[in-house]
Amino acid sequence: NAGEPELWHTATASSINFADGGKQTFTATGNDAITLTMSDGSDLTLIVNPATFTVTMPSGIKWFGSAPIFTASKLHTFVISRNGADYYGYWTVQV
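The rules behind these values
Residues numbered from 1 in each chain as written. Predicted model: local features only at pLDDT ≥ 70, side-chain atom pairs only at ≥ 80, totals over all residues. Heavy atoms only, no water. Helix = DSSP H or I, 4+ residues; strand = E, 2+ residues; numbered from the N terminus. Buried < 20%, exposed > 50% of the residue type's maximum accessible area, 1.4 Å probe, protein only. Contact = heavy atoms within 4.5 Å. Pairing = 2+ DSSP bridges. Salt bridge = Lys/Arg side-chain N within 4 Å of Asp/Glu carboxyl O. Core = buried A, V, L, I, M, F, W, Y, C linked by side-chain atoms within 4.5 Å.

A. Highlighting the environment of Phe18. The topology assignment puts Phe18 in the loop between strand E2 (15–17) and strand E3 (23–27). The partly exposed category is assigned to Phe18, whose relative accessible area is 26%. Taking the C-alpha atoms as reference points, Phe18 and Ser42, 24 residues apart in sequence, are found 7.8 Å from one another. With residues up to four places along the chain from it excluded, the contact list for Phe18 reads Gln24, Thr37, Met38, Ser39, Ser42, Asp43 and Leu44.

Here is the structure:
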């Protein structure tokens, strides 16, 4: 509904699909590589908890700053935008 805030979607797998919403969370349950399905012009906010596992982001993202380095059991927030065939991302980690 127009004017209502978008609710967070909890992804149960590392395949993140924008069709599930522009605000998503994912907690790793094993070593995992995140994949993204986003339409052109979409923006995604993704919070990832790697727990104690190795998690990687897609290699094609053009990061503002350095590529992400996951810290065990810390929340990592990503903002990712798709423009044509290009993906741009920013990330930060909970302190």
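B. Inspection of the pairing of strand E9 (residues 76–83) at higher detail. Alignment of strand E6 (residues 43–49) against E9, held across 6 bridges, turns out to be antiparallel. The residue bridging Ile47 from the neighbouring strand is Thr77, located in E9. Pairing analysis gives 8 bridges linking E9 to strand E10 (residues 86–93), with the strands arranged antiparallel. Following the sheet pairing, His76 is matched in E10 by Val93. Linkage of E9 to E10, two consecutive antiparallel strands, is achieved through a turn of 2 residues, within which Gly84 is found at a positive phi near 65°.

C. Quick peek at the pattern of salt bridges. Inspection of every chain in the model, using the stated rule, returns 1 salt bridge. Two residues, Lys62 and Asp86, come together in a salt bridge whose shortest N-O distance is 3.3 Å. Of this pair, Lys62 sits in strand E8 (residues 61–63) while Asp86 is found in strand E10, placing the two residues 24 residues apart along the sequence. Overall, the relative accessible area of 40% leaves Lys62 in the partly exposed class.

D. Layout of the pairing of E10. Relative to E10, E8 is paired through 3 bridges, and the arrangement is parallel. Paired with Trp63 across the bridge in E10 is Gly89.

E. Fine view of the nonpolar core. Counting 19 residues, the largest nonpolar core has Ile16, Ile34, Leu36, Val48, Met57, Phe78 and Ile80 as its most contacted members. Of all the secondary-structure elements, those providing two or more residues to this core are E6, E8, E9 and E10. No other element matches the 3 residues that E6 contributes to this core. Discounting residues that sit within four places of it in the chain, Val48 has contacts with Phe26, Ile34, Val55, Phe70, Lys74, Leu75, His76 and Phe78.

By themselves these figures say nothing about function.
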